[in-house]
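Spelled out from the first residue to the last, the chains are:
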Amino acid sequence: MSAGTFTPRPGAAPVSRMILAQTALETRMLLRNGEQLLLTVVIPALLLVLFSAVDIVDTGAGEPVDFLAPGVIALAVMSTAFTGQAIATGFDRRYGVLKRLGASPLPRWALMAAKTLSVLVTEVLQIALLTVIALALGWSPQGDPLSVAALVLLGTAAFSGLGLLMAGTLRAEATLAAANLVFLLLLVGGGVIVPLDKFPEAVRSVLELLPISALSDGLRDVLRHGAVLPWGDAAVLAAWAVLGLGAAARLFRWE
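Participant: Whenever I open this one, the overall build of the chain confuses me. Can you help?
Facilitator: A tally of helices and strands in the chain yields 10 helices and zero strands. Ordered by position from the N terminus, the helices and strands of the chain form the series α-α-α-α-α-α-α-α-α-α. Whereas a compact globule of 255 residues would reach a radius of gyration of roughly 18 Å, the chain reaches 20 Å, a difference of no more than 12%. Scored against the burial criterion, the 255 residues of the chain give a buried share of 45%. Excluding contacts between residues fewer than 6 apart, the proportion of contacts in the chain whose partners are at least 24 apart in sequence is 81%. Carbon together with sulfur atoms contributes 69% to the accessible area of the chain, which is approximately 12500 Å² in total. Computed over 17 positive and 17 negative side-chain charges, the separation of the two mean positions in the chain equals 19 Å.

If you want it as C-alpha cells, here you go:
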C-alpha cells in the first residue's frame with residue numbers, strides 16, 4: 001500500500017453534481033413547506049374539484065372540467081414558478097442564504113439553474129396529480145403532448161423570470177405580500193376559472209397579454225380543441241420570459 005492511498009483530495013465537485021445536489025435540496029425544502037404546498041397543490045386541486053362539481057361559472061359548451069383542467073394546470077405552473085419561487089428566494093436573500101451560497105464553490109448561475117430544475121420537478125408532480133384528479137372528474141384531454149410541454153416550459157421561464165425579479169429587488173415581506181396579491185389577481189383575471197370573454201372587450205384585450213392568460217388559453221386550445229402549438233400564446237409567453245429573465249439578470253441583488 002503506497003503512502004498516498006488515503007491522501008485526501010480536496011476540491012469542488014463537478015458543477016453538474018453540485019447542481020443536482022442543490023436541486024434535490026431545493027425540491028425537498030419546497031415540498032416540506034406547508035404554505036408552498038397550499039399554493040402549489042391544495043388550492044389548484046380544490047379549485048378543480050369545486051368548480052367542476054358545482055355550476056358556479058358558465059364555462060361554455062361541454063363539460064366544465066374540459067375548460068377548467070388546462071386553466072388549473074396553468075395556475076399550478078404560476079404558483080410554483082412565480083409565487084413559490086419569489087417568496088422562497090426572497091427570504092433566502094433576506095437571511096443571507098444566497099450570499100453564503102454565492103461564496104461557495106457553487107456558481108451563482110448554477111444556483112439559479114438548480115432553482116429552475118426544482119421548479120420543473122415540482123411542476124411534473126403537480127401536473128401528474130391534477131391530471132389524475134381531472135380524469136377522475138371526466139376530463140377528456142386531446143392534442144399533442146409536445147405542444148403542452150412547450151407551453152409549460154415557456155410559461156415556467158416567463159413566471160420564473162418575474163418571480164426572481166421580484167425576489168431580487170424587493171424586501172422579503174414586500175415580496176410575500178406582492179406575490180400572493182398577484183396570484184389572487186391573476187387567478188380571477190387570467191382566464192383560469194372565469195373565461196376571458198366574460199370581461200368587457202377593452203379589459204379583455206389587456207388581460208389576453210398576461211402570461212397566465214396566454215398559458216391557460218394556449219393549454220386550452222391544445223387540450224380541449226386538439227390544436228397544434230398556438231403560436232400567438234407562445235409568442236406572448238416568450239416575450240414575458242425574455243423581459244423577466246433579462247430584467248432579473250440585470251437587477252437581481254444578492255444581498
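Participant: How should I be thinking about helix H6 (residues 145-169) in this particular structure?
Facilitator: One turn of the α-helix equals 3.6 residues, which is why residues spaced by three or four share an orientation. Taking 1.5 Å per residue, 25 residues should reach 36 Å; H6 reaches 36 Å between its end C-alpha atoms and fits that length. Capping of H6 at its N-terminal end is provided by Asp-144; its side-chain oxygen lies 3.1 Å from the backbone amide nitrogen of Leu-146.

Participant: Before we go on, may I ask you to explain the environment of Phe-159 in this structure?
Facilitator: Within the secondary structure layout, Phe-159 lies in helix H6. Classification of Phe-159 by relative accessible area gives buried; the value is 1%. In the structure, Phe-159 is positioned 10 residues away from Thr-169 in sequence and 16 Å away in space, judged by C-alpha atoms. Phe-159 has contacts with Val-77, Met-78, Ala-81, Phe-82, Pro-211, Ile-212 and Leu-215, leaving out every residue within four places of it along the chain.

Participant: In this structure, what is going on with a nonpolar patch on the surface? I would like to understand it.
Facilitator: A contiguous nonpolar surface patch, about 230 Å² in accessible area, is contributed by Leu-31, Val-121 and Leu-125. Relative to the helices and strands, Leu-125 is located in helix H5 (residues 108-136). On the basis of relative accessible area, Leu-125 is assigned to the partly exposed category, the value being 47%.

Rules behind the numbers
Residues numbered from 1 in each chain as written. Predicted model: local features only at pLDDT ≥ 70, side-chain atom pairs only at ≥ 80, totals over all residues. Heavy atoms only, no water. Helix = DSSP H or I, 4+ residues; strand = E, 2+ residues; numbered from the N terminus. Rg over C-alpha atoms; globule rule 2.2 N^0.38 Å. Buried < 20%, exposed > 50% of the residue type's maximum accessible area, 1.4 Å probe, protein only. Contact = heavy atoms within 4.5 Å. Areas by Shrake-Rupley, 256 points an atom, 1.4 Å probe, with all protein chains shown as cover. Lys, Arg positive; Asp, Glu negative; His and termini not counted. Charge placed at Lys NZ, Arg CZ, Asp CG, Glu CD. Expected span 1.5 Å × (residues − 1). Polar contact = N/O pair within 3.5 Å; in protein donor to acceptor, adjacent residues only side chain to side chain. Patch = residues over 30% accessible without salt bridge, like charges linked within 9 Å, V, L, I, M, F, W, Y side chains within 5 Å. Salt bridge = Lys/Arg side-chain N within 4 Å of Asp/Glu carboxyl O.

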